[in-house]
Amino acid sequence: MDSLLKTRIATPGRMLAIGLVAVLSFSAEAGSRPPGYAVASAHPLATDAGIEILQQGGNAFDAAVAVSAALGVVEPYSSGIGGGGFWLLHRQRDRFETMVDGRETAPQAASREMYQDAQGHAIADLSQNGPIAGGIPGTPAALDHIASTYGKLGLARDLAPAIRLAREGFPLDARFAKFIVMESKRFSPAAQALLLPGGKPLTEGAVLIQPDLAETLQRLADHGRDGFYTGATAQQLVNGVRAGGGIWTLQDLAGYKALERKPIVIHFQNYRIVTVPPPSAGGVGIAEMLDQLTALHWTGANGVHSQQQVIEAMRRAYRDRAAYLGDPDYVEIPLKRLLSPAYGREMAATIQPDHATPSADLPPPGQPKRPAKEGVDTTHYSIIDSDGNRVAATVTVNLVFASGFLAPGTGVFINDEMDDFAASTTDSNAFGLIGSSANAIAPGKRPLSTMTPTFVEGPKGVLVIGTPGGSRILTMVLLGMLDFFRGADVQTIVAAPRYHMQYLPDQVQFEKGAFDADAQAALTRMGYKLDALSSPYGNMQAVLWRPAQNTLDAAADPRAVGTARVVLKKP
Ligand code: DON
């Protein structure tokens, strides 16, 4: 066990220093390993679970399993073992990097038109509410795979903090209580019994005990993936889902596989960016946007003119998302072309300085769609351990409290990730995203995602970054890294006001503070339709290791309730 010299707990708006301040040498040698370990997650109890596992001698991969499982218990509105996600891993020993793809898959009985009405229009209610909206969960398989392949402590020890939180309970914060009220109309009977006992919503401070979920997690801990995808849990899930109108079978569950995929690596200025490949749209989008900015010789130093270039790069990347991206095991994606700098130059050549390009002028033309939804679901965490191993993970059940359906006896909320498919080619999904046949539903296929867990490495250090936020994930991660390139510290990166453009609808959303009055006037003159958001969005969690300074820092987005903790070792 490392002897701890200093523990810092960074919470939104405050930083506590406990213990002695470490005096560390700044030699290059000292810089080759981080001076300690750090976890940033969207919930204090999940961050603590990660730190607990690291203190027990677990590595970043063990901690990732612990944090994922704990988040599923304390933030079931965001993620859980009934959902899926992407885990980006970096092993420092041999600099091996991989993405563990625990994305949900469409059940075998799923079909391209399953959420369409007689006219071929998407019925949002079907792909978003109730167990018919659920893909086969990937998180349990991914956690088992990560613990057994990359961890040191084993799955059972990694899951212990989450099982304890489910069994013993934890007090609800105001945010959780608010989401119960917000979503209660979508809740299935078992969800109501858990969160609205006697018909009354649990309020802030109430202790939520989840014995069924504890039991389900325990089976996973005892038997690995088989403890979820076969046997009693699988039977309960299938019975519950089918009784609620869903289409899962035991074969669907038994056949689920977490996959490993090669990350996308991008070079921008002196930085190396490691990020996620399809079925996430993240890596391709980041690459296209950065390649366009390279072609434009972007420095970020030109105020609103630099922002205009970023907006246009976003527009073109989201056009390609809609046109080309889907599950790479089912569709041909012209990745070589989309990821080539020459393609970035081609796209950038169509950007007019200080002038908006109407989205309708870019092929393929589409119709105006709903604006991006102000999502508060899905969750991200970032970890670096004292060996320099890293994990960036974004995990989800899709919308708040998933499909609203809790499978009786399991404690598991069934995701509504099927809504991330293009249910039709004429309608957008919950995030206003359109899609093509590349993202059409097919049995066994993974829906296209925007989740973008990412590592950035270069002269200003190593950044582990990501956020929830539906279609806006990609643009948040881009803005975070652009701030990093310009020398921002990690607190500034997660807090900075954000803006977003996703091709359709043809408008620029922005948080308060992203554009000052002059910039708003200038953008309007350039032809942009601006949408000033009344509430903030995103929940970014980031860790930053600066080897040259031998510092390790972490920050949780001040927009929500997460915490970041850094534990420094004795030099
Ligand atoms: O995979 C995706 O892209 C979505 N299911 C993520 C949803 C999300 O981030 C909701 N956000 N706040």
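Everything numeric in this text was worked out from a predicted model, so none of it was measured.

Scoring rules and cut-offs
- Residues numbered from 1 in each chain as written.
- Predicted model: local features only at pLDDT ≥ 70, side-chain atom pairs only at ≥ 80, totals over all residues.
- Heavy atoms only, no water.
- Helix = DSSP H or I, 4+ residues; strand = E, 2+ residues; numbered from the N terminus.
- Rg over C-alpha atoms; globule rule 2.2 N^0.38 Å.
- Buried < 20%, exposed > 50% of the residue type's maximum accessible area, 1.4 Å probe, protein only.
- Contact = heavy atoms within 4.5 Å.
- Areas by Shrake-Rupley, 256 points an atom, 1.4 Å probe, with all protein chains shown as cover.
- Near = heavy atom within 4 Å.
- Nonpolar A, V, L, I, M, F, W, Y, C, P; charged D, E, K, R; others polar.
- Domains from an automatic or database assignment.
- Axes fitted to C-alpha atoms, helices over the stretch in contact; angles between N-to-C directions.
- Parallel < 35°, antiparallel > 145°, perpendicular 65-115°, else oblique.
- Left-handed = near helix turned anticlockwise from the far one by under 90°.
- Phe/Tyr/Trp six-rings, centres within 6.5 Å; stacked < 30°, edge-to-face > 60°.
- Lys NZ or Arg CZ within 6 Å of the ring centre and 35° of its normal.
- Pairing = 2+ DSSP bridges.
- Buried area = accessible area lost by both parts, 1.4 Å probe.
- Salt bridge = Lys/Arg side-chain N within 4 Å of Asp/Glu carboxyl O.
- Polar contact = N/O pair within 3.5 Å; in protein donor to acceptor, adjacent residues only side chain to side chain.
- pLDDT = per-residue confidence, 0-100.

**Quick word on the overall build of the protein**
Regarding its fold elements, the protein presents 19 helices and 22 strands. Taking 25 Å as the expected radius of gyration for a compact globule of 571 residues, we find that the protein reaches 22 Å, a close match to that expectation. Across the 571 residues that make up the protein, the buried fraction comes to 63%. In the protein, the share of contacts with a sequence separation of at least 24, taken over all contacts with a separation of at least 6, comes to 74%. Surface accessibility of the protein: about 19700 Å² in total, with carbon and sulfur atoms responsible for 55%.

**A look at the site of the ligand**
Around the ligand lies a shell of 16 residues, among which Glu417, Asp420, Ser449, Thr450 and Gly470 are the nearest. For the shell around the ligand, the residue count by class is five nonpolar, seven polar and four charged. There are two domains that each give the shell around the ligand at least three residues, and those are domain 1 (4-260 + 376-439) and domain 2 (261-373 + 468-542).

**What to know about the packing of helix α2 (residues 44-55) against helix α3 (residues 60-74)**
Packing of α2 against α3 leaves a shortest axis separation of 8 Å and a crossing angle of 150°. One element, α2, and the other, α3, form an angle in the roughly antiparallel class. As α2 runs across α3, the sense of the crossing is right-handed. Contact with α2, carried on its side by Leu45, Ala46, Ala49, Gly50, Ile53 and Leu54, involves Ala60, Asp62, Ala63, Ala66, Val67, Ala70, Leu71 and Val74 of α3 and no other residues of that element. Residues belonging to the contact of α2 with α3 are distributed by class as follows: 12 nonpolar, one polar and one charged.

**Notes on the side chain of Arg316**
Take Arg316: it is sitting in helix α14 (residues 303-324). Setting aside residues up to four positions removed in sequence, Arg316 forms contacts with Glu288, Gln292, Met347, Thr350, Ile351, Thr357 and Leu362.

**Some details on the environment of Leu448**
In this structure, Leu448 sits in the loop between β14 (412-414) and β15 (454-458). In this structure the C-alpha to C-alpha distance between Leu448 and Gln309, which are 139 residues apart in sequence, comes to 26 Å. If near-sequence neighbours (up to four positions away) are discounted, Leu448 is found in contact with Arg103, Pro279, Ser280, Ala281, Arg321, Leu325, Gly326, Asp420 and Asn439.

**Things to note about the packing of aromatic side chains**
Inspection of the entire model under this criterion finds 17 aromatic pairs. Centre to centre, the rings of Phe228 and Tyr229 are 4.9 Å apart; their planes meet at 70°, and the pair counts as edge-to-face. For the pair formed by Phe228 and Tyr229, the shared burial category is buried. A connected cluster of aromatic rings, assembled from ring pairs, spans Tyr77, Phe170, Phe176, Phe179, Phe187, Phe401 and Phe413. Here the guanidinium or amino end of Arg472 rests over the ring plane of Tyr537, the centre of that ring lying 4.0 Å away.

**What to know about the pairing of strand β21 (residues 551-556)**
Judged from the six bridges that link them, strand β20 (residues 541-546) and β21 form a sheet pairing that is antiparallel. Paired with Ala542 across the two strands is Ala555, which belongs to β21.

**Some details on the domain arrangement of the protein**
Examined at the domain level, the protein breaks down into domain 1 (4-260 + 376-439) and domain 2 (261-373 + 468-542). Inter-centroid distance (C-alpha atoms) of domain 1 to domain 2 is 26 Å. Listed per partner, the contact involves 34 residues of domain 1 and 36 residues of domain 2. Taken together, the two surfaces of domain 1 and domain 2 that pack against each other cover about 2800 Å², and 57% of this comes from carbon and sulfur. For domain 1, the biggest contributors to the area lost against domain 2 are Phe431, Leu433 and Ile434; these three give 20% of the whole. The residue Asp101 makes a salt bridge to Arg261 at a minimum N-O spacing of 2.7 Å. Linking domain 1 with domain 2 are nine residue pairs in polar contact (both at pLDDT 80 or more).

**With respect to the pairing of β20**
Burial runs high along β20: six of the six residues are buried. Here β20 shows no split at all, with Gln541, Val543 and Trp545 on one side and Ala542, Leu544 and Arg546 on the other all buried. As judged from the five bridges shared by strand β16 (residues 461-466) and β20, these two strands associate in the antiparallel manner. Directly across from Val464, in β20, lies its bridge partner Val543.

**Comments concerning the confidence of the model for the protein**
Here the protein averages 92 in pLDDT, while 92% of its residues score no lower than 70. Here residues 1-31 scores under 50 on pLDDT; set against residues more than four positions off or in separate chains, the count is 71 contacts. A low-confidence stretch, residues 365-371 (pLDDT under 50), is modelled with 23 contacts involving residues beyond four sequence positions or located in other chains.

**Focus on the sheet that holds β20**
Sheet strands associate in pairs through backbone hydrogen bonding, adopting either a parallel or an antiparallel arrangement. In spatial order, the strands read β9-β10-β15-β16-β20-β21; together these six strands make up an open sheet with antiparallel pairing. Two strands bound the open sheet, and with one partner strand each, they are β9 (264-268) and β21. On average, each strand axis in the sheet is tilted by 15° relative to the strand beside it, whichever way the strands run. Packing against the sheet, helix α13 (residues 282-295) makes contact with β9 and β10 (271-275), and its axis sits at approximately 15° to β9. Across the sheet, helix α17 (residues 473-485) is in contact with β9, β10, β15, β16 and β20; its angle to β16 comes to roughly 160°.

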